[in-house]
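A look at the structure
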Amino acid sequence: MSNKIILKATHIFSKFASQKEWLLKDFSFDAKTGEIILIKGDNGSGKTTLLSLLCGIVPKEIKAEARGKIIINGIDISNLTLAQSSPLISMTFQEPDYQLSFPKVIHELAFGPENLNIERQKIEDRITNVTELLKIDHLLYKDIATLSYGQKKLVTIASILTLSPKVLLLDEPDDGLTVASLENLKRCISCFQKDKLFIISTTKSYFNDVADRIITLS
Ligand SMILES: Nc1ncnc2c1ncn2[C@@H]1O[C@H](COP(=O)(O)OP(=O)(O)O)[C@@H](O)[C@H]1O
Ligand SMILES: [Mg+2]
């Protein structure tokens, strides 16, 4: 199913109440399943806001003025709740503590697919596959509170992969990872790439060699 347009964002405008000018101004792009797209730009250029808009967190949870249309797999997600749109498009936050909500890693990884009523064996297979690829299988039964920042980041990334939406938005996933973990993450993304669209915000160049496109915000 590669080469299918999975995301269509048209005429996106957004700004927060405190901002006079549009932060995102008439921004449009299409993206296909199988692509890895990087969103680059300096701190404050709007990378997190763009990802949050694409999945609907802005304006549904974080209030901002937002215009334009976002269509995922033919569906206008503005009419869906975040829970309803999560199998289509989901995001991991730069700061893992904003996202992690369970005591143990295994619970965090099972929550998304359990909520979608995916069968138990399939959930276990996803968890095994993802944690082996990211080399965090030894953390499965650990308390999240005992993990390092980088390990927490990998758990949030693993949790979006076990949820398995069609479009995955990763907000600065490279921030705080060791070089070895980054290599594991890149390999993991490549394994899932064929059936997914990855949109990755970053200020660094780690993902340049696997990216199909780079969009720079200014
Ligand atoms: N929830 C918010 N409320 C008000 N202003 C915000 C909010 N989030 C971000 N901003 C502002 O919007 C601009 C873009 O922020 P952000 O999208 O976080 O950029 P980046 O991720 O590229 O660092 C910044 O000026 C930031 O201060
Ligand atoms: Mg950001």
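Anything mentioned here points back to the structure above.
Keep in mind that this is a model prediction, so the values were computed, not measured. (Residues numbered from 1 in each chain as written. Chains lettered and ligands numbered in written order. Predicted model: local features only at pLDDT ≥ 70, side-chain atom pairs only at ≥ 80, totals over all residues.)

The next point concerns helix α1 (residues 47–55). Counting buried positions along α1 gives 9 out of 9 residues, so the element sits mostly inside the fold. Trailing α1 by a residue or two, glycine 56 shows a phi angle of about 95°, which is positive. (Buried ≥ 20, exposed ≤ 12 C-beta atoms within 10 Å, placed from the backbone. Helix = DSSP H or I, 4+ residues; strand = E, 2+ residues; numbered from the N terminus.)

A word on the pairing of strand β1 (residues 5–15). Where β1 lies against strand β2 (residues 24–32), 6 bridges are found, and the strand directions are antiparallel. Paired with isoleucine 5 across the bridge in β2 is lysine 32. Across 7 bridges, β1 lies against strand β4 (residues 65–72) in antiparallel orientation. Following the sheet pairing, alanine 9 is matched in β4 by isoleucine 70. (Pairing = 2+ DSSP bridges.)

A few words on the sheet that holds strand β9 (residues 213–216). One open sheet accounts for 5 strands, arranged β6-β7-β8-β3-β9; its pairing is parallel. The open sheet has two edge strands with one neighbour each: β6 (89–92) and β9. The sheet shows a mean angle of 20° between the axes of neighbouring strands, taken without regard to direction. For strand β3 (residues 36–40) and β9, the ladder comprises 4 bridges, and the chain directions are parallel. (Axes fitted to C-alpha atoms, helices over the stretch in contact; angles between N-to-C directions.)

What follows deals with the sheet that holds strand β5 (residues 75–76). As summarised here, the arrangement of the 4 strands in space is β2-β1-β4-β5, forming an open sheet in which the pairing is antiparallel. Each having just a single partner strand, β2 and β5 make up the two edges of the open sheet. Sheet strands touched by α1: β1, β2 and β4. Its angle to β1, the strand with the most contacts, is close to 120°. (Contact = placed C-beta atoms within 7 Å.)

Below, the discussion takes up the environment of lysine 122. In this structure, lysine 122 sits in helix α5 (residues 120–133). Look at lysine 122 and you get exposed, because 12 C-beta atoms sit within 10 Å. As a C-alpha pair, lysine 122 and threonine 162 span 40 residues in sequence and 9.7 Å in three-dimensional space.

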